[in-house]
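# Understanding the architecture of this molecule
Here are the chains, one letter per residue:
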Amino acid sequence: MKKKFLPLFILLFTLLCSCSIDDQSSIIVGPELDNDSNLPDIEPVSIAITEASFPDDVFREYILLSIDKGKDGFITEEEIKNTSMLRLSYREVYDLTGIELFTELTEINFTNCKIESLDLTYNKKLRSITLSDNPLKSLTLSAPDLIALDCQRCGLQSIDLT
């Protein structure tokens, strides 16, 4: 009977030894804490450039060729932060899922694509948006510094500027 509890005891002991307690007496499991910030050291984020993260084939190819500077099939936090502009016009782009990752964007131009719906609520730094000649029906954005919005010949049915 004692042999059955030994592995459980070792597991529990190991778990408790890998925990640390912060100033508010909560338990933090995982990496060592940084003394300056009380936050764990976290590796920079890398996102695989796959169909799951960028479903549109043309948009995904654009990300691979234009944004993925390491040419490794991943976009890093640095590559994301250094992307302030996306220009992909006159292409068969239907879906811009994944654009929300690029929070430093100040300008986008997707003229004459096939975009029907677009949510730019995470792209708060946008100053110029060009979406003319798309079958765009709905647009949602939250860009307090927006200077130019070009949606000519789109047939836009709803726009949410929250």
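Located above this text is the structure these notes cover.
Cut-offs and rules
- Residues numbered from 1 in each chain as written.
- Predicted model: local features only at pLDDT ≥ 70, side-chain atom pairs only at ≥ 80, totals over all residues.
- Heavy atoms only, no water.
- Phe/Tyr/Trp six-rings, centres within 6.5 Å; stacked < 30°, edge-to-face > 60°.
- Buried < 20%, exposed > 50% of the residue type's maximum accessible area, 1.4 Å probe, protein only.
- Helix = DSSP H or I, 4+ residues; strand = E, 2+ residues; numbered from the N terminus.
- Pairing = 2+ DSSP bridges.
- Axes fitted to C-alpha atoms, helices over the stretch in contact; angles between N-to-C directions.
- Core = buried A, V, L, I, M, F, W, Y, C linked by side-chain atoms within 4.5 Å.
- Contact = heavy atoms within 4.5 Å.
- Arc of directions from axis to C-beta.
- Polar contact = N/O pair within 3.5 Å; in protein donor to acceptor, adjacent residues only side chain to side chain.

The next thing to look at is the packing of aromatic side chains. For any pair of aromatic rings, geometry is given as the distance between the ring centres together with the angle between the planes. Across all of its chains, the model carries two aromatic pairs by this definition. Between the aromatic rings of Phe 54 and Phe 59, the centroid separation amounts to 5.8 Å while the plane-to-plane angle is 70°, which identifies the pairing as edge-to-face. Each member of the pair, Phe 54 as well as Phe 59, is classed as buried. Taken together, a centroid distance of 6.2 Å and an interplanar angle of 75° make the contact between Phe 59 and Phe 110 edge-to-face. Note that Phe 59 is positioned in helix α2 (residues 57–67) and Phe 110 in the loop between β6 (107–109) and β7 (117–120), a separation of 51 residues in sequence.

With that settled, the discussion passes to the sheet that holds β6. Spatially, four strands are ordered β5-β6-β8-β10 in an open sheet, and the strand pairing comes out parallel. At either end of the open sheet lies a strand with only one pairing partner, and these are β5 (85–87) and β10 (148–150). Averaged over all neighbouring strand pairs, the angle between strand axes comes to 5°, with direction disregarded.

Let us now look at the nonpolar core. In this structure, Phe 59, Ile 99, Ile 108 and Phe 110 are the most contacted members of the largest nonpolar core, which totals 31 residues. For this core, the secondary-structure elements that each account for two or more residues are α2, β7 and β9 (138–141). The biggest single contributor to this core is α2, with four residues. Here Ile 99 is in contact with Phe 59, Leu 86, Leu 105, Ile 108, Phe 110, Leu 118, Asp 119, Leu 120 and Asn 123, once residues within four sequence places are set aside.

The complete set of buried residues in α2 reads Phe 59, Arg 60, Tyr 62, Ile 63 and Ile 67. Seen from one end, α2 has its buried residues packed into an arc of 155°, which puts them on one side. Residues of α2 that are exposed and point over 90 degrees away from its buried face: Asp 57 and Leu 65. Those residues of α2 that are buried lie in contact with β4 (74–76), α3 (77–81) and β5. Here α2 starts with a cap whose side-chain oxygen sits 3.0 Å from the backbone nitrogen of Val 58, and that cap is Asp 56.

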